[in-house]
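# A look at the structure
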Amino acid sequence: MSVIDPMHSFLLGIIRCHWYDSWIQTNTIRKRTDKNERELDQIHDYLTTFEMPNWVGRLPEQVGYPAGGSLTSDEWKGLALVFCPIVIPFLWQEWYPKVNATYEKALTSWENREKQRLIHLTAGKAKKGDDKPSTKPIPQMHLSAPDNFLKLAAALKIILRRSFRDADIPRAKELLRDYLMEYLKLYPDDVKPTHHWRLNKVLKSYSTNNHSNGKIEVTFMRAFQKDVALHDMLANLNAASDVQESSTEDELLSEAVRIILATDGNTCGTVASLTHEMDQATEDFDARFSLGASAFTTLSRQQQDQLMKFYESSYPNAKVVLRAASTNAIDPNFLNSCARTFTHIVVDGRRILPSSSLNNASSSLIQADIGGRCYVGQVMSIISHAQRHISREITLLKIRWLKEKLDVDMRDWVK
(Lines give C-alpha, C1' and ligand atoms only; values in the text may rest on other atoms or scores of the structure.)
Protein backbone atom coordinates (compact mmCIF):
# COMPACT_ATOMS: atom_id res chain seq x y z
CA MET A 1 0.00 0.00 0.00
CA SER A 2 1.29 3.48 -0.85
CA VAL A 3 0.47 6.65 1.08
CA ILE A 4 0.36 9.75 -1.13
CA ASP A 5 1.48 12.87 0.71
CA PRO A 6 -0.71 16.02 0.72
CA MET A 7 1.49 17.84 -1.78
CA HIS A 8 1.01 15.24 -4.50
CA SER A 9 -2.49 14.12 -3.51
CA PHE A 10 -4.07 17.55 -3.07
CA LEU A 11 -1.85 20.24 -4.57
CA LEU A 12 -0.53 18.46 -7.67
CA GLY A 13 -3.49 16.09 -7.87
CA ILE A 14 -7.01 17.22 -6.94
CA ILE A 15 -6.46 20.98 -7.25
CA ARG A 16 -4.63 20.72 -10.55
CA CYS A 17 -7.31 18.39 -11.94
CA HIS A 18 -10.12 20.70 -10.82
CA TRP A 19 -8.53 23.85 -12.24
CA TYR A 20 -6.97 22.54 -15.43
CA ASP A 21 -9.06 19.51 -16.46
CA SER A 22 -12.49 20.63 -15.26
CA TRP A 23 -12.30 24.37 -15.85
CA ILE A 24 -9.57 25.28 -18.37
CA GLN A 25 -9.67 22.29 -20.74
CA THR A 26 -13.49 22.22 -20.86
CA ASN A 27 -13.77 25.99 -21.46
CA THR A 28 -15.70 26.51 -18.26
CA ILE A 29 -13.22 29.31 -17.76
CA ARG A 30 -12.51 30.48 -21.29
CA LYS A 31 -9.49 32.17 -22.80
CA ARG A 32 -9.68 35.43 -24.70
CA THR A 33 -10.62 35.64 -28.36
CA ASP A 34 -9.16 38.01 -30.96
CA LYS A 35 -11.84 40.57 -30.10
CA ASN A 36 -13.01 39.90 -26.55
CA GLU A 37 -11.59 39.13 -23.14
CA ARG A 38 -13.38 36.41 -21.22
CA GLU A 39 -13.42 34.62 -17.87
CA LEU A 40 -9.70 33.79 -17.62
CA ASP A 41 -8.77 37.40 -18.34
CA GLN A 42 -11.21 38.51 -15.66
CA ILE A 43 -9.31 36.30 -13.20
CA HIS A 44 -6.04 37.97 -14.24
CA ASP A 45 -7.59 41.38 -13.57
CA TYR A 46 -8.62 40.27 -10.09
CA LEU A 47 -5.17 38.82 -9.36
CA THR A 48 -3.48 42.18 -10.00
CA THR A 49 -5.40 43.64 -7.04
CA PHE A 50 -4.05 41.11 -4.52
CA GLU A 51 -1.41 42.15 -2.00
CA MET A 52 0.13 38.98 -0.59
CA PRO A 53 2.79 38.18 2.04
CA ASN A 54 6.05 36.72 0.77
CA TRP A 55 5.29 33.21 2.05
CA VAL A 56 2.30 32.82 -0.32
CA GLY A 57 3.21 31.46 -3.75
CA ARG A 58 2.75 34.03 -6.50
CA LEU A 59 0.89 32.99 -9.62
CA PRO A 60 2.34 33.60 -13.10
CA GLU A 61 0.85 36.60 -14.86
CA GLN A 62 -0.57 34.35 -17.59
CA VAL A 63 -1.81 31.52 -15.36
CA GLY A 64 -4.18 29.33 -17.35
CA TYR A 65 -2.47 30.14 -20.67
CA PRO A 66 0.44 28.12 -22.09
CA ALA A 67 2.68 31.15 -21.48
CA GLY A 68 1.96 30.80 -17.77
CA GLY A 69 3.77 27.46 -17.65
CA SER A 70 3.23 24.73 -15.07
CA LEU A 71 2.66 25.63 -11.43
CA THR A 72 4.67 24.51 -8.43
CA SER A 73 3.00 22.98 -5.38
CA ASP A 74 3.25 26.33 -3.54
CA GLU A 75 1.52 28.07 -6.44
CA TRP A 76 -1.25 25.46 -6.51
CA LYS A 77 -1.65 25.96 -2.76
CA GLY A 78 -1.96 29.71 -3.21
CA LEU A 79 -4.43 29.22 -6.03
CA ALA A 80 -6.66 26.92 -3.96
CA LEU A 81 -6.47 28.53 -0.51
CA VAL A 82 -6.03 32.23 -1.25
CA PHE A 83 -6.83 33.42 -4.76
CA CYS A 84 -9.66 31.22 -6.06
CA PRO A 85 -11.80 31.23 -2.89
CA ILE A 86 -12.09 35.00 -3.30
CA VAL A 87 -12.12 35.27 -7.09
CA ILE A 88 -14.36 32.35 -8.15
CA PRO A 89 -17.61 33.54 -6.48
CA PHE A 90 -17.15 36.97 -8.08
CA LEU A 91 -16.42 35.36 -11.44
CA TRP A 92 -19.53 33.19 -11.35
CA GLN A 93 -21.63 36.11 -10.15
CA GLU A 94 -20.60 38.11 -13.21
CA TRP A 95 -20.46 35.44 -15.93
CA TYR A 96 -22.96 32.72 -14.97
CA PRO A 97 -26.14 34.67 -15.95
CA LYS A 98 -24.67 35.37 -19.40
CA VAL A 99 -23.42 31.88 -20.19
CA ASN A 100 -26.51 30.23 -18.71
CA ALA A 101 -28.78 32.33 -20.93
CA THR A 102 -26.70 31.23 -23.93
CA TYR A 103 -26.92 27.60 -22.78
CA GLU A 104 -30.72 27.71 -22.31
CA LYS A 105 -31.15 29.25 -25.74
CA ALA A 106 -28.99 26.53 -27.31
CA LEU A 107 -30.85 23.83 -25.34
CA THR A 108 -34.25 25.11 -26.51
CA SER A 109 -33.03 25.16 -30.11
CA TRP A 110 -31.70 21.59 -29.75
CA GLU A 111 -35.01 20.35 -28.26
CA ASN A 112 -36.96 21.89 -31.16
CA ARG A 113 -34.64 20.25 -33.71
CA GLU A 114 -34.94 16.94 -31.89
CA LYS A 115 -38.74 17.10 -31.96
CA GLN A 116 -38.70 17.77 -35.70
CA ARG A 117 -36.27 14.89 -36.23
CA LEU A 118 -38.54 12.45 -34.36
CA ILE A 119 -41.58 13.68 -36.31
CA HIS A 120 -39.76 13.08 -39.59
CA LEU A 121 -38.76 9.57 -38.49
CA THR A 122 -42.30 8.71 -37.38
CA ALA A 123 -43.83 9.97 -40.63
CA GLY A 124 -41.27 8.12 -42.72
CA LYS A 125 -39.94 11.41 -44.09
CA ALA A 126 -36.50 11.26 -42.58
CA LYS A 127 -33.91 13.62 -44.01
CA LYS A 128 -30.20 13.17 -44.23
CA GLY A 129 -28.75 13.06 -40.74
CA ASP A 130 -32.08 12.30 -39.02
CA ASP A 131 -30.98 8.75 -38.20
CA LYS A 132 -29.15 9.93 -35.07
CA PRO A 133 -29.65 12.88 -32.75
CA SER A 134 -27.32 15.89 -32.79
CA THR A 135 -25.07 16.54 -29.84
CA LYS A 136 -26.99 17.86 -26.86
CA PRO A 137 -25.61 21.14 -25.45
CA ILE A 138 -23.96 20.96 -22.04
CA PRO A 139 -23.80 23.85 -19.59
CA GLN A 140 -20.56 25.79 -19.59
CA MET A 141 -20.90 26.71 -15.91
CA HIS A 142 -22.67 24.90 -13.08
CA LEU A 143 -24.47 27.11 -10.60
CA SER A 144 -23.18 25.09 -7.63
CA ALA A 145 -19.53 25.05 -8.81
CA PRO A 146 -18.30 27.90 -6.56
CA ASP A 147 -19.85 26.32 -3.48
CA ASN A 148 -18.31 22.98 -4.42
CA PHE A 149 -14.84 24.53 -4.80
CA LEU A 150 -15.16 26.42 -1.51
CA LYS A 151 -15.77 23.11 0.27
CA LEU A 152 -12.42 21.88 -1.07
CA ALA A 153 -10.66 25.10 -0.05
CA ALA A 154 -12.16 24.97 3.46
CA ALA A 155 -11.13 21.32 3.88
CA LEU A 156 -7.56 22.00 2.73
CA LYS A 157 -7.37 25.08 4.96
CA ILE A 158 -7.64 22.65 7.87
CA ILE A 159 -5.66 19.72 6.46
CA LEU A 160 -2.68 21.76 5.24
CA ARG A 161 -2.12 23.68 8.46
CA ARG A 162 1.16 23.24 10.28
CA SER A 163 -0.92 21.83 13.15
CA PHE A 164 -4.58 21.38 13.90
CA ARG A 165 -6.76 20.08 16.72
CA ASP A 166 -8.36 16.65 16.78
CA ALA A 167 -11.71 18.43 16.98
CA ASP A 168 -11.09 19.88 13.47
CA ILE A 169 -10.70 16.48 11.78
CA PRO A 170 -14.43 15.57 11.50
CA ARG A 171 -15.18 18.92 9.88
CA ALA A 172 -12.34 18.49 7.38
CA LYS A 173 -13.51 14.97 6.50
CA GLU A 174 -17.09 16.16 6.07
CA LEU A 175 -16.07 19.01 3.76
CA LEU A 176 -13.77 16.82 1.69
CA ARG A 177 -16.37 14.03 1.37
CA ASP A 178 -19.10 16.50 0.31
CA TYR A 179 -16.72 18.09 -2.19
CA LEU A 180 -15.74 14.78 -3.79
CA MET A 181 -19.33 13.51 -4.08
CA GLU A 182 -20.51 16.79 -5.62
CA TYR A 183 -17.48 16.90 -7.93
CA LEU A 184 -18.39 13.41 -9.18
CA LYS A 185 -21.86 14.69 -10.13
CA LEU A 186 -20.62 17.91 -11.73
CA TYR A 187 -17.59 16.53 -13.60
CA PRO A 188 -17.95 12.74 -13.88
CA ASP A 189 -15.59 12.50 -16.86
CA ASP A 190 -12.74 14.22 -15.00
CA VAL A 191 -12.38 11.75 -12.12
CA LYS A 192 -9.03 9.99 -12.55
CA PRO A 193 -6.03 8.64 -10.61
CA THR A 194 -3.46 11.13 -9.35
CA HIS A 195 -0.29 11.46 -11.41
CA HIS A 196 2.46 13.95 -10.74
CA TRP A 197 5.96 14.95 -11.62
CA ARG A 198 8.59 17.24 -10.17
CA LEU A 199 10.59 19.99 -11.84
CA ASN A 200 13.31 22.11 -10.33
CA LYS A 201 12.10 25.57 -11.31
CA VAL A 202 14.55 27.75 -9.43
CA LEU A 203 16.87 28.34 -12.40
CA LYS A 204 14.48 27.16 -15.10
CA SER A 205 12.12 30.08 -14.46
CA TYR A 206 14.91 32.66 -14.16
CA SER A 207 14.83 35.09 -17.11
CA THR A 208 18.25 35.70 -18.67
CA ASN A 209 16.91 38.43 -20.99
CA ASN A 210 18.73 36.80 -23.95
CA HIS A 211 22.12 37.24 -22.25
CA SER A 212 23.72 33.97 -23.27
CA ASN A 213 27.28 32.85 -24.06
CA GLY A 214 28.68 34.15 -20.77
CA LYS A 215 27.00 37.60 -20.76
CA ILE A 216 24.75 36.81 -17.82
CA GLU A 217 27.70 35.52 -15.77
CA VAL A 218 29.65 38.75 -16.41
CA THR A 219 26.63 40.81 -15.32
CA PHE A 220 26.33 38.78 -12.12
CA MET A 221 30.06 39.16 -11.35
CA ARG A 222 30.08 42.93 -11.88
CA ALA A 223 27.08 43.41 -9.59
CA PHE A 224 28.62 41.09 -7.00
CA GLN A 225 31.93 43.02 -7.02
CA LYS A 226 30.09 46.32 -6.50
CA ASP A 227 28.24 44.83 -3.53
CA VAL A 228 31.48 43.51 -2.04
CA ALA A 229 33.26 46.88 -2.44
CA LEU A 230 30.39 48.76 -0.82
CA HIS A 231 30.14 46.26 2.04
CA ASP A 232 33.92 46.45 2.66
CA MET A 233 33.83 50.25 2.77
CA LEU A 234 31.00 50.22 5.33
CA ALA A 235 32.70 47.51 7.38
CA ASN A 236 35.95 49.56 7.50
CA LEU A 237 34.06 52.66 8.64
CA ASN A 238 32.36 50.62 11.34
CA ALA A 239 35.67 49.14 12.54
CA ALA A 240 37.38 52.54 12.60
CA SER A 241 34.66 54.00 14.81
CA ASP A 242 35.31 51.33 17.46
CA VAL A 243 39.02 52.09 17.93
CA GLN A 244 39.16 55.89 18.01
CA GLU A 245 37.47 58.74 19.81
CA SER A 246 34.79 60.39 17.74
CA SER A 247 32.66 63.51 17.65
CA THR A 248 28.87 63.56 17.77
CA GLU A 249 28.76 63.71 13.96
CA ASP A 250 31.06 60.68 13.73
CA GLU A 251 28.87 58.77 16.19
CA LEU A 252 25.80 59.52 14.09
CA LEU A 253 27.66 58.32 10.98
CA SER A 254 28.76 55.15 12.78
CA GLU A 255 25.22 54.43 13.94
CA ALA A 256 23.95 54.88 10.37
CA VAL A 257 26.65 52.47 9.11
CA ARG A 258 25.68 49.86 11.72
CA ILE A 259 22.01 50.12 10.73
CA ILE A 260 22.88 49.70 7.04
CA LEU A 261 25.05 46.66 7.77
CA ALA A 262 22.40 45.15 10.03
CA THR A 263 19.65 45.49 7.45
CA ASP A 264 21.70 44.86 4.30
CA GLY A 265 20.07 42.16 2.21
CA ASN A 266 19.91 43.76 -1.21
CA THR A 267 21.50 41.24 -3.56
CA CYS A 268 18.92 41.81 -6.27
CA GLY A 269 20.14 41.03 -9.76
CA THR A 270 22.78 38.46 -8.84
CA VAL A 271 22.96 34.73 -8.42
CA ALA A 272 23.40 35.51 -4.73
CA SER A 273 19.82 36.80 -4.67
CA LEU A 274 18.54 33.36 -5.67
CA THR A 275 20.72 31.66 -3.06
CA HIS A 276 19.78 34.27 -0.46
CA GLU A 277 16.06 33.72 -1.00
CA MET A 278 16.46 29.94 -0.81
CA ASP A 279 18.65 30.21 2.32
CA GLN A 280 16.12 32.54 3.95
CA ALA A 281 13.24 30.19 3.17
CA THR A 282 15.19 27.17 4.46
CA GLU A 283 16.32 29.05 7.57
CA ASP A 284 12.81 30.27 8.34
CA PHE A 285 10.97 27.02 7.60
CA ASP A 286 11.75 25.21 10.87
CA ALA A 287 11.80 28.32 13.05
CA ARG A 288 8.87 28.60 15.44
CA PHE A 289 10.06 32.00 16.68
CA SER A 290 13.11 34.12 15.89
CA LEU A 291 14.00 37.78 15.50
CA GLY A 292 15.91 39.40 12.67
CA ALA A 293 18.76 41.90 12.75
CA SER A 294 18.35 44.85 15.11
CA ALA A 295 19.68 48.32 15.81
CA PHE A 296 19.29 50.57 18.87
CA THR A 297 17.03 53.54 18.27
CA THR A 298 15.62 56.37 20.36
CA LEU A 299 11.89 56.02 20.89
CA SER A 300 9.58 58.78 19.74
CA ARG A 301 7.33 60.51 22.26
CA GLN A 302 4.36 58.59 20.89
CA GLN A 303 6.18 55.28 21.32
CA GLN A 304 7.15 56.22 24.87
CA ASP A 305 3.54 57.05 25.71
CA GLN A 306 2.42 53.69 24.30
CA LEU A 307 5.10 51.87 26.32
CA MET A 308 3.97 53.68 29.47
CA LYS A 309 0.41 52.39 28.96
CA PHE A 310 1.81 48.87 28.51
CA TYR A 311 3.91 48.98 31.69
CA GLU A 312 1.12 50.56 33.73
CA SER A 313 -1.27 47.75 32.79
CA SER A 314 1.15 44.79 32.70
CA TYR A 315 3.83 45.72 35.29
CA PRO A 316 2.23 48.21 37.71
CA ASN A 317 4.64 47.26 40.52
CA ALA A 318 7.62 48.46 38.46
CA LYS A 319 6.28 52.04 38.85
CA VAL A 320 7.72 53.21 35.53
CA VAL A 321 7.44 56.96 34.88
CA LEU A 322 8.29 59.27 32.02
CA ARG A 323 11.31 61.52 32.48
CA ALA A 324 9.11 64.54 31.81
CA ALA A 325 6.62 63.50 34.50
CA SER A 326 6.67 65.01 37.98
CA THR A 327 7.37 62.48 40.74
CA ASN A 328 8.10 62.49 44.47
CA ALA A 329 9.92 59.15 44.35
CA ILE A 330 13.43 59.14 45.86
CA ASP A 331 14.73 56.80 43.14
CA PRO A 332 12.27 57.09 40.24
CA ASN A 333 12.20 54.29 37.66
CA PHE A 334 12.37 56.42 34.53
CA LEU A 335 11.32 54.87 31.24
CA ASN A 336 14.24 53.74 29.12
CA SER A 337 13.95 55.91 26.02
CA CYS A 338 15.94 53.49 23.81
CA ALA A 339 14.94 50.15 22.34
CA ARG A 340 16.14 47.64 19.80
CA THR A 341 14.21 47.79 16.51
CA PHE A 342 14.10 44.58 14.46
CA THR A 343 13.98 44.14 10.70
CA HIS A 344 11.61 41.16 10.88
CA ILE A 345 10.21 38.37 13.02
CA VAL A 346 9.76 34.71 12.08
CA VAL A 347 6.71 32.92 13.50
CA ASP A 348 6.00 29.31 12.49
CA GLY A 349 8.34 29.58 9.52
CA ARG A 350 6.79 32.79 8.17
CA ARG A 351 8.87 35.96 7.95
CA ILE A 352 6.85 39.02 8.94
CA LEU A 353 8.22 42.40 7.85
CA PRO A 354 6.92 45.48 9.69
CA SER A 355 5.46 48.27 7.59
CA SER A 356 3.55 51.46 8.35
CA SER A 357 2.51 51.89 4.71
CA LEU A 358 -1.17 51.91 3.81
CA ASN A 359 -0.36 50.86 0.23
CA ASN A 360 2.38 48.22 0.52
CA ALA A 361 2.07 46.02 3.59
CA SER A 362 1.85 42.53 2.13
CA SER A 363 4.36 40.82 4.43
CA SER A 364 3.23 42.68 7.54
CA LEU A 365 -0.32 41.27 7.66
CA ILE A 366 -1.02 38.75 10.42
CA GLN A 367 -3.94 36.74 11.77
CA ALA A 368 -4.21 36.13 15.50
CA ASP A 369 -6.58 33.90 17.47
CA ILE A 370 -7.30 35.67 20.75
CA GLY A 371 -9.84 34.28 23.16
CA GLY A 372 -11.44 32.12 20.48
CA ARG A 373 -11.90 35.04 18.07
CA CYS A 374 -9.93 35.71 14.90
CA TYR A 375 -8.30 39.12 14.42
CA VAL A 376 -6.35 40.47 11.43
CA GLY A 377 -3.86 43.30 11.68
CA GLN A 378 -0.79 44.98 10.21
CA VAL A 379 2.52 44.82 12.09
CA MET A 380 3.92 48.35 12.05
CA SER A 381 7.06 47.87 14.17
CA ILE A 382 8.92 45.25 16.21
CA ILE A 383 10.92 46.37 19.24
CA SER A 384 12.65 44.82 22.22
CA HIS A 385 12.72 46.98 25.36
CA ALA A 386 14.73 46.61 28.56
CA GLN A 387 13.46 48.38 31.67
CA ARG A 388 14.86 48.64 35.17
CA HIS A 389 13.06 46.54 37.83
CA ILE A 390 11.78 44.16 35.13
CA SER A 391 13.75 40.93 34.98
CA ARG A 392 13.68 40.34 31.25
CA GLU A 393 13.80 42.24 27.99
CA ILE A 394 10.31 42.42 26.47
CA THR A 395 9.58 42.02 22.75
CA LEU A 396 6.57 44.01 21.55
CA LEU A 397 4.75 44.38 18.24
CA LYS A 398 2.88 47.52 17.30
CA ILE A 399 -0.17 46.37 15.36
CA ARG A 400 -2.83 48.28 13.47
CA TRP A 401 -5.94 46.07 13.80
CA LEU A 402 -8.32 45.91 10.85
CA LYS A 403 -12.07 46.37 11.11
CA GLU A 404 -14.61 44.16 9.37
CA LYS A 405 -16.25 45.78 6.36
CA LEU A 406 -19.94 45.28 6.96
CA ASP A 407 -21.40 46.54 3.65
CA VAL A 408 -20.14 43.56 1.58
CA ASP A 409 -22.45 40.70 0.62
CA MET A 410 -20.69 37.62 2.09
CA ARG A 411 -23.40 35.02 1.44
CA ASP A 412 -21.28 33.13 -1.10
CA TRP A 413 -18.55 32.56 1.51
CA VAL A 414 -20.53 31.68 4.65
CA LYS A 415 -22.52 28.65 3.46
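It should be emphasised that the depicted structure is a prediction, and the values quoted were computed from it without experimental measurement.

### Focus: the overall build of the protein
Broken down by element type, the protein carries nine helices and 10 strands. The proportion of buried residues among the 415 residues of the protein is 33%. Just so you have it, the protein exposes about 27,500 Å², and 54% of that area is on carbon and sulfur atoms.

### Quick word on unusual backbone geometry
The backbone phi angle of N27 is positive, close to 65°, even though this residue is not glycine. Position of N27 relative to the elements: it lies in the loop between α1 (6-24) and α2 (39-47). Using a relative accessible area of 43% as the deciding quantity, one classes N27 as partly exposed. One non-glycine residue with positive phi stands out, namely K319, at about 50°. Turning to its location among the elements, K319 is positioned in the loop between α9 (301-314) and β3 (320-321). For K319, a relative accessible area of 61% gives the class exposed.

### What to know about the side chain of H18
Within the fold, H18 resides in helix α1. Here the side chain of H18 touches Y179 through a polar contact of 2.8 Å, side chain to side chain. Excluding residues that lie within four positions of it along the chain, H18 makes contacts with W23, N148, F149, Y179, Y183 and Y187.

### What to know about the pairing of strand β8 (residues 365-370)
Relative to strand β9 (residues 373-385), β8 runs antiparallel, the two sharing six bridges. Counted as the bridge partner of L365 is Q378 from β9.

### Description of the sheet that holds strand β7 (residues 350-352)
Pairing is antiparallel in the open sheet, where three strands are placed in the order β1-β6-β7. The two strands at the open ends of the sheet, each matched to only one other strand, are β1 (289-291) and β7. For this sheet the average axis-to-axis angle between neighbouring strands, irrespective of direction, equals 20°.

### Side note on the confidence of the model for the protein
The predicted model of the protein has a mean per-residue pLDDT of 80, with 81% of residues at 70 or higher. For residues 195-206, every residue scores under 50 in pLDDT, and the model assigns this stretch 18 contacts once sequence neighbours within four places are set aside. Within the model, pLDDT remains below 50 along residues 267-272, and this stretch shows 12 contacts once partners closer than five positions in the same chain are excluded.

### Digging into the pattern of salt bridges
This model, assessed by the stated rule, comprises 11 salt bridges. The partner of R165 in a salt bridge is D168, with the nearest N and O atoms 3.1 Å apart. As a salt-bridge pair, R388 and D331 come within 3.3 Å of each other at their nearest N and O atoms. Taken together, the residues span a long stretch of sequence, with R388 in the loop between β9 and β10 (394-401) and D331 in the loop between β3 and β4 (333-334) at a distance of 57 residues.

### Describing α1
In this model α1 runs just 23 Å from its N-terminal to its C-terminal C-alpha over 19 residues, more than 12% under the 27 Å that 1.5 Å per residue would give. The largest bend along α1 measures about 40° and falls at R16.

### Looking at the packing of α2 against helix α3 (residues 73-122)
For the pair α2 and α3, interaxial distance at closest approach is 10 Å and the crossing angle is 140°. The angle between α2 and α3 falls in the class oblique. In the crossing of α2 with α3, the sense of the turn from one axis to the other is right-handed. The segment α2 lies against α3, with E39, Q42, I43, Y46 and L47 engaging F83, V87, F90, L91, E94, W95 and V99. The residue inventory of the contact of α2 with α3, partitioned by class, reads nine nonpolar, one polar and two charged.

Calculation rules
- Residues numbered from 1 in each chain as written.
- Predicted model: local features only at pLDDT ≥ 70, side-chain atom pairs only at ≥ 80, totals over all residues.
- Heavy atoms only, no water.
- Helix = DSSP H or I, 4+ residues; strand = E, 2+ residues; numbered from the N terminus.
- Buried < 20%, exposed > 50% of the residue type's maximum accessible area, 1.4 Å probe, protein only.
- Areas by Shrake-Rupley, 256 points an atom, 1.4 Å probe, with all protein chains shown as cover.
- Polar contact = N/O pair within 3.5 Å; in protein donor to acceptor, adjacent residues only side chain to side chain.
- Contact = heavy atoms within 4.5 Å.
- Pairing = 2+ DSSP bridges.
- Axes fitted to C-alpha atoms, helices over the stretch in contact; angles between N-to-C directions.
- pLDDT = per-residue confidence, 0-100.
- Salt bridge = Lys/Arg side-chain N within 4 Å of Asp/Glu carboxyl O.
- Expected span 1.5 Å × (residues − 1).
- Bend = angle between axes of the 7 residues up to and from the residue.
- Parallel < 35°, antiparallel > 145°, perpendicular 65-115°, else oblique.
- Left-handed = near helix turned anticlockwise from the far one by under 90°.
- Nonpolar A, V, L, I, M, F, W, Y, C, P; charged D, E, K, R; others polar.

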